[in-house]
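# Working through the structure, step by step
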Amino acid sequence: QVQLVESGGGLVQAGDSLRLSCAASGRTFSSYAMGWFRQAPGKEREFVAAITSSGSITRYADSVKGRFTISRDNAKNTVYLQMNSLKPEDPADYYCAAGKSITIVTMTPLSWGQGTQVTVSS
């Protein structure tokens, strides 16, 4: 399985932007669909965004559509989450995930990262 390490979290103000990165180990990264999830304190983990192995198809949760963009660089074994216009409801621990297809990664990912914290001050 692929090993995932997130980075890029931090404290920002509402309306600011932040880019998360997820670095994957192994030579099979380009065969995996990738996703981002988040979990706020006291809440269940929720789907944020996903991208196919080639990067040609993306999916987003309604709550982030138009503000967040998922992308990947298979040459760098990295997937990104560009977060713009951050809102007070966006703070959470953000997790990177891998799966064999975009459908699988949105529902039952095979691998998870350890998470990176995003805090938004209003």
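My aim in this report is to walk through the structure given alongside it, one point at a time. Here the structure is a predicted model, which means the values were calculated and not measured.

What counts, and at which threshold
- Residues numbered from 1 in each chain as written.
- Predicted model: local features only at pLDDT ≥ 70, side-chain atom pairs only at ≥ 80, totals over all residues.
- Heavy atoms only, no water.
- Salt bridge = Lys/Arg side-chain N within 4 Å of Asp/Glu carboxyl O.
- Buried < 20%, exposed > 50% of the residue type's maximum accessible area, 1.4 Å probe, protein only.
- Helix = DSSP H or I, 4+ residues; strand = E, 2+ residues; numbered from the N terminus.
- Pairing = 2+ DSSP bridges.
- Axes fitted to C-alpha atoms, helices over the stretch in contact; angles between N-to-C directions.

## Quick look at the pattern of salt bridges
Pairs can form between side chains of opposite charge whenever their charged atoms are close. A full pass over the atoms with the stated rule returns four salt bridges. Note that lysine 65 is salt-bridged to aspartate 62, the shortest N-O span being 3.1 Å. Classification of aspartate 62 as exposed rests on a relative accessible area of 65%.

## Focus on unusual backbone geometry
Of note in this structure, asparagine 77 is not a glycine but carries a positive phi near 50°. Along the polypeptide, asparagine 77 turns up in the loop between strand S7 (68-73) and strand S8 (78-83). Positive phi outside glycine occurs at serine 85, with the angle close to 50°. Note on placement: serine 85 falls in the loop between S8 and strand S9 (92-99).

## Some thoughts on the sheet that holds strand S1 (residues 4-7)
Reading across the sheet, the four strands line up as S1-S3-S8-S7 and stay open at both edges, with antiparallel pairing between neighbours. Lying at the two open borders of the sheet, with one neighbouring strand each, are S1 and S7. Averaged over all adjacent pairs, the angle separating strand axes in this sheet is 15°, with direction ignored. Relative to S8, S7 runs antiparallel, the two sharing six bridges. Bridge pairing in S8 places phenylalanine 68 opposite methionine 83.

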